[in-house]
Amino acid sequence: MNTINAKAFGTIAADASLEEMTIARREVLAKDIEIEILYCGVCHSDLHTARNDWGGTQYPAVPGHEIVGRVTKVGSEVTKLKVGDLAGVGCLVDSCHTCDSCKNDLEQYCLNGFTGTYNGRDVHLGGHTYGGYSQKVLVDEHFVLKVPSNLNLAAVAPLLCAGITTWSPLKHWNVGKGSKVAVVGLGGLGHMAIKLAKGLGAEVTLFSRTPDKEKDALELGADAVVISTDNNQMNAVNGKFDLIIDTVPYVHDVNPYVATLSISGTLVLVGYLGGLEPILNTVPMILGRKSVAGSVIGGIAETQEMLDFCGKHNIVSEIEIIKMQEINEAYERMLKSDVRYRFVIDMASLK
């Protein structure tokens, strides 16, 4: 298969910095859309992959799955978009299309394994996929999203991961007017959970360990802030919430939050992968038909629904724009939670 070269930023090892490199992209196939990448959000998953925190990283690794750009070429059978259109690519660039999950627009749960935008199996060129820290990307049209033209393009980019990661559980658990939703953690995911839940008409509360997030949370749309380390405040919301979206990316005690669920309420984990410590106490779950669940991103149809909703309600992420050459510093700042609330790379800096 014919290939083209593209500039990119990536790393050759877990302990190496990200640096400029050249990668191969395939030539446009019949169903492909080629996108010039204008902006790419920076997700914690990027850092984890680059540093092999989860294991299984294939090097050289080029992260980035919050991609917004402009269509530069289309294949002969493409009908979804045309040259010049705005386009987005999230965490998925392929799936089997044939399993029950894929047939029901749940490509993120493909029973044969979806292809990630980076570090996935490249079925066309062999090897593994490269992400959005690059000049361009080629994706099957099914996995390309239409981007509302009325929104700030740079601030749209994080919607492709942080946005859909929180939108999917909000929709699955039928959040709407009158719903009582709480969010644990105010970061890239948490701030989007507040904005989207509020946009859907819910009453929204932020759980925070300290009061210093209260001003930001209220400005983002939260109706209240509960300090999770204050027993009196936690007791006051016992049994209140229909849904809790837990965005914390590290091991933590979820038991105090389960107690604040209403009868048949659900706490859904979207930020942490791994075992729970301390152990999950099932007593309040059994006595209140409460659930602890998990959720990951969303399918293509659901992601498009989210983008359209954001376009209609003028919802975007709160961002700090950086140059591609500042990515290593940005990673270190992310580890210190020194970002409000998502870094976005201006890919013009790579030219």
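Before reading on, note that the structure itself is shown above.
Everything numeric in this text was worked out from a predicted model, so none of it was measured.

## Structural notes on the sheet that holds strand S11 (residues 203-208)
Each strand in a sheet pairs with its neighbour through backbone hydrogen bonds, running either in the same direction (parallel) or in the opposite one (antiparallel).
Here is step 1: If you trace the 6 strands from one edge of the open sheet to the other, you get S12-S11-S10-S13-S14-S15, paired in parallel fashion. The sheet is open, and its two borders are formed by strand S12 (224-227) and strand S15 (291-294), each paired with just one other strand. Sheet twist, expressed as the mean angle between neighbouring strand axes with direction ignored, is 25 degrees.
Here is step 2: Sheet analysis places S11 next to S12, joined by 4 bridges and oriented parallel. Its bridge partner being in S12, Phe-207 is matched across the sheet by Val-226.

## Overview of the side chain of Glu-34
Here is step 1: Within the secondary structure, Glu-34 is located in strand S3 (residues 32-41).
Here is step 2: In this structure, Glu-34 is buried with no salt-bridge partner, the nearest side chain bearing the opposite charge being Lys-136 at 4.0 Å.
Here is step 3: Within the structure, Glu-34 has its side chain in polar contact with the side chain of Thr-72 (distance 2.6 Å).
Here is step 4: Not counting chain neighbours up to four residues away, the residues in contact with Glu-34 comprise Ile-4, Val-28, Arg-70, Val-71, Thr-72, Lys-73, Lys-136, Val-137 and Leu-138.

## Points about the packing of helix H4 (residues 162-172) against helix H10 (residues 300-313)
Here is step 1: One way to put it is that H4 packs onto H10 with a least axis distance of 10 Å and a crossing angle of 100 degrees. As summarised for this structure, H4 and H10 are arranged roughly perpendicular, according to the angle between their axes. Seen from H4, the contacting residues are Gly-163, Ile-164, Trp-167, Ser-168 and Lys-171; seen from H10, they are Glu-302, Thr-303, Glu-305, Met-306 and Phe-309.
Here is step 2: Along the lines of polarity and charge, the residues of the contact of H4 with H10 split into 4 nonpolar, 3 polar and 3 charged.

## Looking at unusual backbone geometry
Here is step 1: The peptide bond linking Glu-277 to Pro-278 adopts the cis configuration, its omega dihedral lying at -5 degrees.
Here is step 2: Following the sequence through the fold, Pro-278 ends up in the loop between strand S14 (261-269) and helix H9 (283-288).
Here is step 3: At Ser-264, a position not held by glycine, the phi torsion is positive, near 70 degrees.
Here is step 4: By the secondary structure assignment, Ser-264 is in strand S14.
Here is step 5: By relative accessible area, which is 34% here, Ser-264 ends up partly exposed.

## Looking at the nonpolar core
Here is step 1: Residues Tyr-133, Val-156, Leu-170, Ile-194, Ile-327 and Tyr-331 are the most contacted members of the largest nonpolar core, which totals 91 residues.
Here is step 2: No other element matches helix H5 (residues 188-199), which puts 6 residues into this core.
Here is step 3: Counting residues in hydrophobic clusters, the runner-up holds 16 residues, among them Val-184, Phe-207, Leu-261 and Met-285.

## Structural notes on a nonpolar patch on the surface
Here is step 1: On the surface, Leu-106, Tyr-109 and Val-296 cluster together into a nonpolar patch covering about 220 Å² of accessible area.
Here is step 2: Tracing the sequence through the fold places Tyr-109 in the loop between helix H2 (100-103) and strand S7 (115-116).
Here is step 3: Overall, the relative accessible area of 34% leaves Tyr-109 in the partly exposed class.

## A look at the pairing of strand S13 (residues 241-246)
Here is step 1: Among the 6 residues of S13, 5 are classified as buried, and the element is accordingly described as predominantly covered.
Here is step 2: Across 4 bridges, the pairing between strand S10 (residues 180-184) and S13 is parallel. If you follow Val-184 over to S13, its bridge partner there is Asp-246.
Here is step 3: Bridge count between S13 and S14: 5 bridges; the pairing is parallel. Across the sheet, residue Asp-246 finds its bridge partner in S14, namely Leu-269.

## Considering helix H11 (residues 327-335)
In an α-helix, one turn spans 3.6 residues; hence positions three or four apart end up facing the same way.
Here is step 1: Regarding H11, the residues found buried are Ile-327, Ala-330, Tyr-331 and Met-334. For H11, the angular spread of buried residues about the axis comes to 105 degrees, placing them on one side.
Here is step 2: If you follow the buried residues of H11, they end up packed against strand S1 (3-10), helix H1 (44-50), strand S16 (319-323) and strand S17 (342-346).
Here is step 3: Following H11 by one or two positions, Ser-337 has its phi on the positive side, about 60 degrees.

Definitions and cut-offs
- Residues numbered from 1 in each chain as written.
- Predicted model: local features only at pLDDT ≥ 70, side-chain atom pairs only at ≥ 80, totals over all residues.
- Heavy atoms only, no water.
- Pairing = 2+ DSSP bridges.
- Helix = DSSP H or I, 4+ residues; strand = E, 2+ residues; numbered from the N terminus.
- Axes fitted to C-alpha atoms, helices over the stretch in contact; angles between N-to-C directions.
- Buried < 20%, exposed > 50% of the residue type's maximum accessible area, 1.4 Å probe, protein only.
- Lys, Arg positive; Asp, Glu negative; His and termini not counted.
- Salt bridge = Lys/Arg side-chain N within 4 Å of Asp/Glu carboxyl O.
- Polar contact = N/O pair within 3.5 Å; in protein donor to acceptor, adjacent residues only side chain to side chain.
- Contact = heavy atoms within 4.5 Å.
- Parallel < 35°, antiparallel > 145°, perpendicular 65-115°, else oblique.
- Nonpolar A, V, L, I, M, F, W, Y, C, P; charged D, E, K, R; others polar.
- Core = buried A, V, L, I, M, F, W, Y, C linked by side-chain atoms within 4.5 Å.
- Patch = residues over 30% accessible without salt bridge, like charges linked within 9 Å, V, L, I, M, F, W, Y side chains within 5 Å.
- Areas by Shrake-Rupley, 256 points an atom, 1.4 Å probe, with all protein chains shown as cover.
- Arc of directions from axis to C-beta.

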